[in-house]
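# Understanding the architecture of this molecule
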Amino acid sequence: MRRFMAVLAIVLLFVAVFGVFGSIAEAAYPERPITYVIAFNPGGESDLTARAQQPYLEKVLGTQIIITYKIGGGGAVAWSEVPRMRPDGYTIVGHNIPHIILQPLQRKDTGYKTTDLKTVCWFEATPNILVVPMDSQFKTLEDFVKYAKEHPGQITLGGSGSYSANHLGTVEFNEVAGIETTYIPFTGSGDAVPAFLGGHVTGLMTYTTMVANYREKMHPLAVATEERVSIFPDVPTFKELGYDYVEGAYRGICVSPKTPDEIVNKLADAFKQVNETPEFKEKMEAMGFQMVFYGPEESEKFVEDRMEYYKSILDKLEMK
Amino acid sequence: MMLNSDLYGGLIMLTFAGMFWLQMGDFTKFGLMFPRVIIALLAFLGVVMIVKAKVKPQYVKSFLKDINKYMAATMIWSLVWVLSATYVGFFVASVVSMWAIQWSLSSERNLRISAISLAVAIGSVFVIYYVFTKYLYIFFPEGFLF
Amino acid sequence: MNIFLEAFLNVLAMKNIIAMMLLIPLGMMAGALPGFTATMAVAILVPFTFAMDPVMGLICVSAVYCSAIYGGAFPAILINTPGTPSSIATCFDGYPMTLQGRAQEALFTIAFASLVGGFIGTIGLIVFSLPLAKIALRFGPPEYFWVSIFGLTIIAGLSGDSLLKGIAGGVLGLLISTIGIAPVGGDVRFTFGIASFQGGVELISVLIGFFCMPEVFKMAKDPVGSYLKSTNIGHAAGGYKEVIYKGFRNAFADVVNLVRSSVIGLFVGILPGAGGNIANLIAYNETKRASKDPESFGKGNPQGIVATESADKATIMGSFVPLLTLGVPGSPVAAVVYGALMIQGLNPGPELFTKHAEITYTFMMSFFVAMALTVLIGMFAGVLFYQIIMRLPVRVLVPTILLLTIVGSYAVRNNYMDVIFMLASGYLGYVLSNLGFSPGPVVLGLVLGPIAEKGLVQGFLMGNSMFPGTPWLVFFTRPVSIVLIVISVISALWPIYSARRRRRAAL
């Protein structure tokens, strides 16, 4: 009996001590290194962004940022773990629109719901851009649309993923321009490039980052943004050419749904600071990224808006 | 005892084909193309094997007899190890299982061997744990204990 | 000539050599741990290279890549477990050699084979980069489909005694590979309700399960020492000089094999999306086919491991051809390097040969040095590995291998489901191998499935737009496709042809 009481006392002591430490930890967040989980392959856009952010984040937050990967299912494997993560803010996960919206809508068991992921912020966008090879017969968007109207279904556009920004973007553009092009999904933006270079597809509906890398080989016809993009000042937007088509992927950070607001806000501020650091901004824009910022409350609304929008697009798609 | 390897092989193939077939939900036209062919092919091969099992069977020695107590202990403990790690924590599960396996496989079981086994178990798991968490930033499941 | 000499001397700077000497053993250990792949090793290295100048960083990458792939052969030979998917076929003849007491001979054989493979690969990279890249571009979705069909015809060579079981195994592998997200259409398939299956089945888990687990269980059967007993025969006979000489002789006994396998490795390596995993299998099959004694393969014929280990080294350099010439990564490791180059401000593509020529040429030349050092260190490391494994009593060896394989299969994707799957494949593999199914075909199906499906469906989409109504034409009307079809047909019919030839010879 005596032994039992002793053990019980020790156990309770441990719990008390950890409990105290736990609450202190919350007060002075961050006390330990933060793990930044990337849901996609190393070398990809999410990875590059995280590695670029890492040194600045470490300075602002005053702690080490450890980048780890949890790859699979187009991000779903990583995001399905978020609801179960400890809400202490020490694990942050990169997430993307439209993926987090489309996956639960499209699939049966993603393991998470869009609302399960508590968004800290959205910090970056990669707009869709339509490109053709340098020696292609299409020199302007008008040539492209004209040909497409005369030869429905013959133009093939490669892009990254199914039900992704590239895919939906192609569908949206088809709708708006009244044409029919065939979208060919590849597993990742990089995967589509050899097919493009080898002439196996007519063009690509891809992200601006890809074009920044392959400037000499890709001829952009138009970009799907509200205003022209700084690194491609000569590329018109679809909007100015008369097509109301604005689309792209967004990247941000999410945490476990029950994470306290102070921690979320602290993280959001940190990312905002990083985004506004001139050298960082320059580097990212040179690579083709567009830096944007939506804080925690704005993000919620943004996600809701996008959800409505994508739901309507999907309904239209179902008819195909 | 001799096992009709074609019969059992065929049954296994059919089982897999069946399992996957049941899981075919409403796939899109393109998601369906490839698996449909493969499932059909597998089922077909399964049937061919079963037919061969009657006509020109190939017998193998039953391997079930091969499983002696040492092998069984290893197989069972590896199962326990893997399944319990997420509940009791990777470290504890590994140390306990490694210790248990060494114990099962020892020819002479005395206190000395037991102590060495425990030391080996704790030592190796600790090294792995340290290298992976400190340097490679790969963290193991924790569970209740550790 | 001048550029090359200068680049070579650049590599030999003291700091680079020291870095390589430190990294190569680490890379080798990483490769030798089943589950830890070369890609992971490089991915872990890359952040550290940001603090270095680009040249040194790239040299470190080549060192780690070469040594990790080299290290993958150790467990393949010693415990029938490929340390990296590039060494799958090394198990087929490497492990039987160990069981015959010729483990040391095997380890030295691969040393020399690797050296030649690496050299041929590097020469290919330096001299033939541009033409090779152009060829790589001709491969579109239909061509990838036919490449995987060709890959599947190898099943015949890996089936052991029963072709029917081999084909069934291959189809099973293809089926399992469909678990996860469909490449076109984005459907989530066959997850059986498990969220992490959305990421598909991890190849490493199945490799470890199929190849390693059954052997571990068998080892456990006789803990007082069947493994050690059989592998210790001839252990001390003749000493090291003799064994090294045997290894050297094995590697160069069939120079045609050596060169052919290296070239196969180089070619397969340049195809983005194909790569090391299948190069070694194709090289193995070709060697078996060309041999006068194909029956001896799978029973400890050193030409088998000569083929696989020279091929998978040449693949390393091959995978950088598309990256350096076109800016397109040809393998997961190249993709990581791509990211690293981007962060360093170097744009992969033609700029690398103009603006950053010295960096690029130094990187290419570094493979010579990295490979040579890897082989040198590898010979010692191999012996060390061998001694450790041989000295350990089975009762310690078994749980240790289990620990390493569990950790390895977890570490690949940080996903515990992979560990459970590994064990499940272990049981399945045990049952199947006892029923006469070889693991090779299943693994082949698993590796080729995604490539085949992507090629099929993407090609179908292309065909739909090019030949509305008869989309299938696209698979039969392109020159490269036709060449591949012919090769595949020959490869598929070969077993019949060679069986007939043997019967005639026997008369």
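Refer to the preceding data block for the structure.
This section reports on the structure supplied with the text.

Thresholds, definitions, all that
Residues numbered from 1 in each chain as written. Chains lettered and ligands numbered in written order. Predicted model: local features only at pLDDT ≥ 70, side-chain atom pairs only at ≥ 80, totals over all residues. Heavy atoms only, no water. Helix = DSSP H or I, 4+ residues; strand = E, 2+ residues; numbered from the N terminus. Buried < 20%, exposed > 50% of the residue type's maximum accessible area, 1.4 Å probe, protein only. Contact = heavy atoms within 4.5 Å. Areas by Shrake-Rupley, 256 points an atom, 1.4 Å probe, with all protein chains shown as cover. Lys, Arg positive; Asp, Glu negative; His and termini not counted. Charge placed at Lys NZ, Arg CZ, Asp CG, Glu CD. Salt bridge = Lys/Arg side-chain N within 4 Å of Asp/Glu carboxyl O. Polar contact = N/O pair within 3.5 Å; in protein donor to acceptor, adjacent residues only side chain to side chain. Buried area = accessible area lost by both parts, 1.4 Å probe. Axes fitted to C-alpha atoms, helices over the stretch in contact; angles between N-to-C directions. Left-handed = near helix turned anticlockwise from the far one by under 90°. Nonpolar A, V, L, I, M, F, W, Y, C, P; charged D, E, K, R; others polar. Phe/Tyr/Trp six-rings, centres within 6.5 Å; stacked < 30°, edge-to-face > 60°. Lys NZ or Arg CZ within 6 Å of the ring centre and 35° of its normal. Core = buried A, V, L, I, M, F, W, Y, C linked by side-chain atoms within 4.5 Å. Parallel < 35°, antiparallel > 145°, perpendicular 65-115°, else oblique. Disulfide = S-S within 2.5 Å. Patch = residues over 30% accessible without salt bridge, like charges linked within 9 Å, V, L, I, M, F, W, Y side chains within 5 Å. Expected span 1.5 Å × (residues − 1).

Moving on, we come to the overall build of chain A. Broken down by element type, chain A carries 11 helices and 10 strands. Going through the 320 residues of chain A one by one, you find that 58% of them count as buried. Taking the contacts inside chain A whose residues are at least 6 apart along the sequence as the reference set, 75% of them involve residues at least 24 apart. When the accessible area of chain A is evaluated, it comes to approximately 13900 Å², of which 54% is carbon and sulfur surface. Considering chain A, the positive charge centre built from 30 side chains and the negative charge centre built from 40 side chains are found 7 Å apart.

Before going further, it helps to examine the overall build of chain C. Looking only at helices and strands, chain C features 24 helices and 2 strands. Based on the C-alpha atoms only, the size of chain C along its principal axes is roughly 65 × 60 × 55 Å. Here chain C, with 507 residues, has 69% of them falling under the buried criterion. Residue pairs in contact within chain C that sit at least 24 positions apart in sequence constitute 78% of those at least 6 positions apart. Separation between the mean location of the 29 positive side-chain charges and that of the 21 negative ones in chain C comes to 7 Å.

If you look at the interface, chain B gives 66 residues, while chain C gives 64 residues. Taken together, chain B and chain C are joined by 0 salt bridges. Run the count over chain B and chain C and you get 8 residue pairs in polar contact (both at pLDDT 80 or more). Elements represented by at least two residues in the side of chain B that touches chain C include exactly α1 (5–22), α2 (29–55), α3 (69–88), α4 (90–105) and α5 (111–135) of chain B. Ranked by the residues each element gives to the side of chain B that touches chain C, the list is headed by α2(B), at 14 residues.

With that out of the way, let us pick up the interface of chain B and chain A. Counting residues at the interface gives 4 residues for chain B and 6 residues for chain A. Here chain B packs against chain A, burying approximately 370 Å² in sum over the two surfaces, 58% of which is carbon and sulfur. For the interface between chain B and chain A, the tally reads 0 salt bridges. In this assembly, chain B and chain A are joined by 0 residue pairs in polar contact (both at pLDDT 80 or more).

Residues and elements named next belong to chain C. The geometry of helix α6 (residues 88–99) relative to helix α16 (residues 302–318) is characterised by a closest axis approach of 8 Å and an angle of 145° between their N-to-C directions. Between α6 and α16 lies a crossing whose hand is left-handed. Of α16, the residues touching α6 (which contributes Ala-89, Thr-90, Asp-93, Gly-94 and Met-97) are Pro-302, Gly-304, Ile-305, Thr-308 and Glu-309. Taken together, the residues of the contact of α6 with α16 sort by class into 4 nonpolar, 4 polar and 2 charged.

Throughout the structure, instances matching the rule amount to 49 aromatic pairs over all chains. Look at Phe145(C) and Trp146(C): their rings are 5.2 Å apart centre to centre, the planes differ by 65°, and that puts the pair in the edge-to-face class. You can call Trp146(C) buried: its relative accessible area is 11%. One aromatic cluster is present, formed by Phe90(B), Phe91(B), Tyr129(B), Phe132(B), Phe140(B), Phe36(C), Tyr410(C) and Tyr416(C) through successive ring pairs. In this structure, Arg32(A) is placed above the aromatic ring of Tyr90(A), and the distance from its NZ or CZ to the ring centre is 4.0 Å. Note that Lys165(C) overlies the ring of Phe437(C), its terminal NZ or CZ placed 6.0 Å from the centroid.

Tyr36(A), Phe132(B), Met20(C) and Phe320(C) are the most contacted members of the largest nonpolar core, which totals 277 residues. In terms of residue count, the dominant contributor to this core is helix α20 (residues 357–391) of chain C (20 residues). Apart from residues lying up to four places away in sequence, Phe320(C) is in contact with Tyr65(C), Leu125(C), Ala334(C), Val337(C), Phe363(C) and Phe367(C). If you look at the next biggest cluster of nonpolar residues, it comprises 26 residues, including Ile100(A), Tyr112(A), Tyr250(A) and Val303(A).

All names here are of chain C. Axis separation between helix α3 (residues 38–49) and helix α4 (residues 54–71) bottoms out at 9 Å; the angle between their running directions is 160°. Put simply, α3 runs roughly antiparallel to α4. Remark: the crossing between α3 and α4 carries right-handed chirality. On α4, the residues touching Ala-38, Ala-41, Val-42, Leu-45 and Thr-49 of α3 are Gly-57, Cys-60, Val-61, Val-64, Tyr-65, Ala-68 and Ile-69.

This part covers the state of the cysteines. Residue and element names in this part refer to chain C. Here the structure, examined in full by the defined rule, presents 0 disulfides over all chains. No disulfide involves Cys-60; its sulfur sits 12 Å from the nearest other cysteine sulfur, which is in Cys-66. Owing to a relative accessible area of 0%, Cys-66 belongs among the buried residues under this scheme.

This paragraph deals with a negative patch on the surface. The grouping of Glu297(A), Glu298(A), Glu300(A), Glu304(A) and Glu308(A) at the surface amounts to a negative patch. Among the structural elements, Glu297(A) can be located in helix α11 (residues 296–318).

A few words now on α20(C). Look at α20(C): 50 Å from first C-alpha to last across 35 residues, which is about the 51 Å you get at 1.5 Å a residue. Most of α20(C) sits inside the fold, with 27 of its 35 residues counted as buried.

The next thing to look at is the side chain of Thr178(C). In this structure, Thr178(C) sits in the loop between α10 (163–177) and β1 (180–181). With a relative accessible area of 1%, Thr178(C) lands in the buried category. Those residues in contact with Thr178(C) that lie beyond four places of it in its chain are Phe20(B), Phe34(B), Pro35(B), Arg189(C), Phe190(C) and Glu453(C).

All chains considered together, the criterion is met by 23 salt bridges over all chains. Between Lys218(C) and Glu215(C) there is a salt bridge whose closest N-O contact spans 3.3 Å. Within this pair, Lys218(C) and its partner Glu215(C) are both found in helix α11 (residues 203–221), separated by 3 residues, close to a single helical turn. The class for Glu215(C) is buried, based on a relative accessible area of 13%. When the shortest N-O distance is used, the salt bridge between Arg413(C) and Asp418(C) registers 2.9 Å. As far as burial versus exposure is concerned, Arg413(C) and Asp418(C) are alike and both buried. The structure contains a network of salt bridges with shared partners spanning Glu45(A), Glu124(A) and Arg251(A).

All right, on to the side chain of Ser148(C) then. Tracing the sequence through the fold places Ser148(C) in helix α8 (residues 141–153). Here Ser148(C) is in contact with Leu448(C), Ile451(C) and Ala452(C), once residues within four sequence places are set aside.

A cis geometry characterises the amide bond from Ile97(A) onward to Pro98(A), with omega recorded as 10°. Structurally, Pro98(A) is set in the loop between β3 (91–97) and α4 (99–106). Backbone geometry at Asn414(C) places phi at a positive 55°, although glycine is not the residue there. With respect to the helices, strands and loops of the structure, Asn414(C) is situated in the loop between α21 (394–411) and α22 (416–434). For Asn414(C), a relative accessible area of 12% puts it in the buried group.

Coordinates in, geometry out; function isn't part of it.
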